[in-house]
Structures are given as C-alpha cells and as structure tokens.
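Summary of structural features
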Amino acid sequence: NESATVTVNATEPANTSAAPSGSRTPIGKPARSPESKSSVSKSSSPATVTTANTISSPVHNSMEMEHPAVSIFRREKVSELLHRCSIAQLSSDPLGFVDESIIRNVLYRWVIRAAHERSEYIDFLIPSWSDLEKLTTFFQRQFISETRKGMGSSSMLSMESLKDAGTAMANLCFGLAKTVSGFRQQLQQQLPAGWNDVNVGMTASEITQHLSNGSVVIDWAKQTQIYLPTLVFSKLRERHQGQQSRLLSAIFVSKVCYDTILLLTGETSMDYRLLPATKSKVSLQLSVSAEIWSDPFSTLSGNEFWGQFAETDIVFGGSRPFGSLDGNDDLLLRQGGSVVVVTPPDNMLTSRYIQRMIEILQNGKAVPLSFAVFIRSDCLVDRSPAPSLNDLYTLEPRLRDAMEFICRVESLQEGRHCYFSERLGAPTVSTSGSLFLLLQNSLGRNHFALSDVAVAEILGSMKPDFSRANESTMGTPLAYNPEMHSTNTQQVFIPQTGYLEPSTGLPPSPMPHQPSVATDFGTIGRSASMPNSFATDPSPAAARRPGPRRGRLFDLVDDGEEDNMNDVVSGMLGTLNVDLFQNSAVQDVDIEAISLMG
C-alpha cells in the first residue's frame, strides 16, 4: 500500500499542551507512482489557477488538491486579516467601528454561503467574489444587519460608518485573496506536473501507546507537524479517491483548511458539531447511512456525506454541500436512506436545507427516507432560548404544507445540552436553544421507526452531565518546530514562507470503537448484505495510557528513483508584492434583509 506524507495545520490558540509522548516510528518513504489510473481519477481535471490579475475559482470542480504550501500561506493570510481587524479597533480605521465578533461571524457567513453557490470567487476561504461590487454590498448589508441586532459595542453607529467599514473589508479581503492566488500561480508554474509527497517533503510516523489506538504524526519539511488518531488516518486513507502518491498532501490540505476555519469560528458559537456519542445514538436508532454538513474527519466509517467545501471534501468521497447545484442529493431520491443533518449557522442556508429535504420527501415516495435534523436557534430568524415549531414555520413557511412528514419536534433549552467544540477538543454547553426535528415519509416511518425511549437516549446523550471522554476526531493543531527547521538531504519543493508561528498541539484521543449494525434495506452508504458501522461513546477503559510501543502504520516501497530538485520556489513569498487593497445568485429569500427595512 502506497502512502504519501502530508502536514496538517491546525489553528488552536496559544494555550495548547505539548505534543503527545511516546515512541515515534518512521513510516518510511512512499514509493513514487504514476498518475492514478483508478476510475475515480478519470473525472478529475487540472486545478484552475488564478494570477494576481485573473479571477477564477481554484480547485472548484476538481479532484486535484492544491500544494500544501498554498494552504499554509492562505492560513497566514486569514490570520493577517484578523490581526488587521484587531488593531483597527485602536485606530481611526473604518474597520475599527465594527465589533470583532461581528467581523468573524460575517466572514464565516461568506465562506459557507459561497460554498453553496456557483458564483465565481478567487479563494474559497477568503471572501473574494469576482464581482467586487457584490462583495462590497454583502459586507455593508451584513455589518448593518448585525449591528442592528444589538451585537457588540457599535450598535449606535451610523449607517454611513458601517458602509465605509464594509467597503474597507471588501477591499482588504479581495487583496489578500489575490495575494494567495498569485502565490498559487507562481508555485504551480515551477512545480513538476507529477509532483508527489516525496518531492514536496512529506513524512509520517506513528506514535503508539500501551492499550490505546495511538496517533499518526504528519510532518512537512520538519517545519510543521500535526497529530491525528490512527483510526482517523486509516479512515481518511480508505476514503481517499485521488492519486495515491499525494495521499498525505490531500490529508494535509484538508486539515489545514478546516483548521483555518477555526481561526474564524474558534471563539464563537459557530464552532459546533454533534457530539460523537450523540451521532452514535442517532446512527444506532435510525440506521444512519449518510451525513449532511459533515467533514472527512468526523463522518462515520461507511457513511456517505455531504461536506462543507468541495475543494477539500470531494477527494475523500464527499459530495458538494447539500442543496447546492451538483450537490448529488438526487441520490436520496433514487436509493433512499436515513440521514443525520446538522444545519449550518446561517438562517438562509438552514431554510434552503429544510426546503430541499421537503422536496426530496415529496418526490421520493417510492423509497424510505428519514432526516434527523439538529438546528440551533442561531440558525433561525429569531434566536430563542427554547425554540419551537413556530420558529421553523417563520424560517421556512413551506413547512406548514408538509406536516405529513413531521414526525417529531423536540426543543432543547440553552444551557442544558452540549455540542462538540473543535477549538476546545471537548463538549461545550450550548449558549442557545436547539431543535431536534425528525422528517420521514411513510416508508421511512416503517423502516426507520424511532420510539420514545430512543428519542430520550439521543437527547440524553447531549446533556452537560453526560459522562464522556475527550472525543476529538479532527486531530490536533498544526505545530511549528523551529528546532527541526534543518535542511533535508533530499532537495524538495518547499517555499520558505516565514509566516509560521510557533505553537504546540493538544494530544489526540483515540477514536471511539465502532460496532456494526446491519440493515435489510440497501440504502446509500451500504448494501443489503453489508452492515454499517457507527461510533460509540468511548469508555474510561479506552482512554490513553502510558507505556509506548513501536509500530508501523503501513509498509512502503522505495524504488530508489527520487529526484534531486532545486528549491526553485524558495523565497517566493518575499518577492510577492501585491497591494492588499488592490482593486451570484442564490434564489432563496434574503432573510437578513428584513432587518434593513426599518
């Protein structure tokens, strides 16, 4: 089995613990291989690249992953963006008139909305629609809308001040996105077409602990390291559908991108997903075979998933975000299935999700369909400490005409249930109310029946006092080790960014054991003869214990054909001199525009 080496970057705050201890066994050098000849890779196309003066959507429709250096560079630009907004609070900069929490919310809102659209953008994590006027209008309206909700200390600002702030933010983001695009373009021009994990300096090793599942350390150029639970790494390897010679690069880029998002959401209520224990309970009771608004790291083995970003998820078998064009959700109409859904933290997208689920239920009467939906009140029009069905009607009026599909609506009060925080790597008490909504058609009711006892178990798994260990599946943040920044004997294509800041990572916890539950209906993600597997809540006995032992993750073959290349991109970042301030259509109802009408 071939394996590539990838560096994973995470964005934890400075207060993180040291890397996990234990023996580290080098995995070895991955064998060089030609382009993948699998059936999956036939549909892949070269990544679209943009120069500083050309606008397009990079890697938007491709199985091709970008070079690891680009994802790290992008993360540093997002960090720079937030730093600029922070220091603006102490100056006369227009951005200083907007509270930082509002800025983070609006930046992330653009990211998730752009992921569901087909509008052209320069970068998928830095707000950068090709239409600068559209981008400016977005920021202006969002800043006005959010401040009118009374968020932050700037609620008494004039509309003109907020418009100026929106213009400044659009120009800043647009310039930073073009800087990333220019770096991507220069890097791709100088990289060999057949680059792989070996010649970009990726290595991996395994750390095992006595009676535990251990961790995989992925290192890039002895500069950046991340730690993933071994079972998570193995799951990603199984899901990977790209070139085997770039496996680790794909894992690295995906992890860096999700950790970059943590820069925006890490200290906000937008950092949430279902607890692994809760997902396990739902999966057991409803025979879940697919997940919506998930990611390659936390999706249960064997499940299909609709991801958050096409640029990172497709290569691991994920579909584009649910409800988007080419989102592949017609698969449910053809095959049926039981799906667990966590709606994004945006009322427009939550409305779209509900609308699309209703359409699928109405048109999929020949197959069993079930949607177990978790909705935070932050996703509704009016935030409520104890949301109800009426809040859903306000969000999506068409739900009134689909009462036949509503099987259950359960309200969870704020402060009395938990979600999982990636920043903390642990459960966190929800500061807003939530709804558990079960939508099923008639066949779904028969095939995926849910009893009162089962509902109590599901909701009980979200209680703050629910006993659980550290359940992180995303791994730990990116770490930069200055002491390891020595030149490798093998010359590799690694740009010296000079932007990486020292940090350490939290030790990962092992993945929960995953029992199997069989079903007699061949829905998506499984067959009638193949059981589906689900994660269970880890027991104290499964916690990591001292006593390292050595082990190998996989065996690799070295064919001895390593290329000796010059680091032609060294110093590239220093030569980029792009002015940071250089100069669509979703058909859903613009819900937040209501707040601008008076």
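First, a word on what this report is: a plain description of the structure on this page. (Residues numbered from 1 in each chain as written. Predicted model: local features only at pLDDT ≥ 70, side-chain atom pairs only at ≥ 80, totals over all residues. Heavy atoms only, no water.)

Okay, the overall build of the protein chain next. Assigned secondary structure in the protein chain consists of 14 helices and 16 strands. Within the protein chain, the proportion of its 598 residues that are buried is 59%. As displayed, the protein chain has an accessible area near 22800 Å², and 49% of this comes from carbon and sulfur atoms. (Helix = DSSP H or I, 4+ residues; strand = E, 2+ residues; numbered from the N terminus. Buried < 20%, exposed > 50% of the residue type's maximum accessible area, 1.4 Å probe, protein only. Areas by Shrake-Rupley, 256 points an atom, 1.4 Å probe, with all protein chains shown as cover.)

With that settled, the discussion passes to the environment of glutamate 422. In this structure, glutamate 422 sits in the loop between strand S10 (418-421) and strand S11 (426-429). When the C-alpha atoms of glutamate 422 and arginine 273 are compared, they prove to be 8.2 Å apart, with 149 residues separating the residues in sequence.

Turning our attention to the packing of helix H2 (residues 100-116) against helix H3 (residues 132-148). Axis separation between H2 and H3 bottoms out at 10 Å; the angle between their running directions is 135°. Judged by the inter-axis angle, H2 sits oblique to H3. Classified by chirality, the crossing of H3 by H2 is right-handed. Between H2 and H3, the residues in contact are Ile102, Ile103, Val106, Leu107, Arg109, Trp110 and Arg113 and Leu135, Phe138, Phe139, Gln142, Phe143, Glu146 and Thr147, respectively. Per-class residue counts for the contact of H2 with H3 are nine nonpolar, two polar and three charged. (Axes fitted to C-alpha atoms, helices over the stretch in contact; angles between N-to-C directions. Parallel < 35°, antiparallel > 145°, perpendicular 65-115°, else oblique. Left-handed = near helix turned anticlockwise from the far one by under 90°. Contact = heavy atoms within 4.5 Å. Nonpolar A, V, L, I, M, F, W, Y, C, P; charged D, E, K, R; others polar.)

What follows covers the packing of helix H1 (residues 68-88) against helix H6 (residues 247-265). Packing of H1 against H6 leaves a shortest axis separation of 9 Å and a crossing angle of 5°. As judged from the angle between their axes, H1 and H6 are roughly parallel. Across the interface between the two elements, Pro68, Ser71, Ile72, Arg74, Arg75, Val78, Ser79 and Leu82 of H1 pack against Ser249, Phe252, Val253, Val256, Cys257, Thr260, Leu263 and Leu264 of H6. Looking at side-chain class alone, the contact of H1 with H6 contains 10 nonpolar, four polar and two charged residues.

Locating valine 216 in the fold gives a position in strand S3 (residues 215-220). Among the residues examined, valine 216 registers a relative accessible area of 0% and is labelled buried. Separated by 16 residues in the primary sequence, valine 216 and valine 232 place their C-alpha atoms 9.1 Å from one another.

Time to look at the sheet that holds strand S7 (residues 337-342). If you walk across this open sheet you meet the six strands as S6-S5-S7-S8-S12-S9, and the pairing is mixed. This sheet does not close on itself; its edge strands, each paired only once, are strand S6 (304-306) and strand S9 (406-412). The mean inter-strand angle of the sheet, taken between neighbouring strand axes irrespective of direction, is 15°. Across three bridges, strand S5 (residues 290-292) lies against S7 in parallel orientation. Paired with glutamate 291 across the strands is valine 340, a residue of S7. Set on the sheet, helix H7 (residues 276-286) makes contact with S5, S7, strand S8 (369-376) and strand S12 (434-440); between it and S8 the angle comes to about 160°. Against the sheet, helix H10 (residues 347-363) engages S5, S7, S8 and S12, with an angle of about 165° to S8. (Pairing = 2+ DSSP bridges.)

Take helix H13 (residues 452-460) next. An α-helix turns once per 3.6 residues; consequently, residues spaced three or four apart project the same way. Turning to H13, its buried residues are Ala454, Val455, Ile458, Leu459 and Gly460. Summarising the contacts, the buried residues of H13 are in contact with H7, S8, S9 and S12.

So, on to the nonpolar core. One recurring pattern in soluble globular proteins: nonpolar side chains tend to sit buried together. Core analysis: the biggest nonpolar cluster contains 129 residues, and Phe139, Phe143, Met169 and Phe371 have the highest contact counts within it. Tallying contributions element by element places helix H4 (residues 159-190) first for this core, with 13 residues. Excluding residues within four positions of it along the chain, phenylalanine 371 makes contact with Ile292, Leu332, Val339, Val341, Met357, Ile360, Leu361, Leu437, Leu438 and Leu439. (Core = buried A, V, L, I, M, F, W, Y, C linked by side-chain atoms within 4.5 Å.)

Attention shifts here to the pattern of salt bridges. Going through the model one piece at a time under the given rule, you end up with 22 salt bridges. A salt bridge links arginine 109 to aspartate 346; its shortest N-O distance comes to 3.4 Å. Of this pair, arginine 109 sits in helix H2 while aspartate 346 sits in the loop between S7 and H10; the two residues are 237 residues apart in sequence, bridging distant segments of the chain. Residue arginine 109 shares its accessibility class with aspartate 346, and that shared class is buried. Residues aspartate 123 and arginine 184 are paired through a salt bridge, measuring 3.4 Å at the closest nitrogen-oxygen approach. (Salt bridge = Lys/Arg side-chain N within 4 Å of Asp/Glu carboxyl O.)

This part covers unusual backbone geometry. Even without being glycine, lysine 222 reaches a positive phi, approximately 55°. Note on placement: lysine 222 falls in the loop between S3 and strand S4 (224-229). When its relative accessible area of 36% is taken as the criterion, lysine 222 is described as partly exposed. The phi angle at tryptophan 293 is positive, at roughly 60°, despite the residue not being glycine. Here tryptophan 293 lies in the loop between S5 and S6.

As a further point, take the pairing of S3. Most of S3 is tucked away, with six of its six residues classed as buried. Alternating positions in S3 separate into two faces, Ser215, Val217 and Asp219 on one and Val216, Ile218 and Trp220 on the other, with burial throughout. As defined by bridge partners, S3 adjoins S4 across six bridges and the pair is classed as antiparallel. Bridge pairing links aspartate 219 to glutamine 225 in S4. Joining the antiparallel neighbours S3 and S4 is a turn of three residues, in which alanine 221 adopts a positive phi near 60°.

All right, on to the side chain of glutamine 225 then. Locating glutamine 225 in the fold gives a position in strand S4. A distance of 2.9 Å separates a polar atom in the side chain of glutamine 225 from a polar atom in the side chain of aspartate 219. (Polar contact = N/O pair within 3.5 Å; in protein donor to acceptor, adjacent residues only side chain to side chain.)

Right, let's talk about the packing of aromatic side chains for a bit. Throughout the structure, instances matching the rule amount to 14 aromatic pairs. Aromatic pair phenylalanine 138 and phenylalanine 139: ring centres 5.5 Å apart, planes at 70°, arrangement edge-to-face. By relative accessible area, which is 8% here, phenylalanine 138 ends up buried. Residue classification places phenylalanine 139 among the buried residues on the basis of a relative accessible area of 0%. Among the aromatic side chains, those forming a connected cluster through ring pairs are Trp110, Tyr121, Trp129, Phe138, Phe139 and Phe143. Across the ring face of tryptophan 195, the terminal group of arginine 246 is positioned such that the distance to the ring centre comes to 4.0 Å. Note that arginine 376 overlies the ring of tyrosine 272, its terminal NZ or CZ placed 4.5 Å from the centroid. (Phe/Tyr/Trp six-rings, centres within 6.5 Å; stacked < 30°, edge-to-face > 60°. Lys NZ or Arg CZ within 6 Å of the ring centre and 35° of its normal.)

On to the pairing of S8, then. Most of S8 sits out of view: eight of its eight residues are buried. Of the two faces of S8, the one carrying Leu369, Phe371, Val373 and Ile375 and the one carrying Ser370, Ala372, Phe374 and Arg376 are both buried. Two strands pair when backbone bridges link them, and S7 and S8 are joined in this way by six bridges, in the parallel orientation. Looking at S8, one finds that serine 338 is bridged to serine 370.

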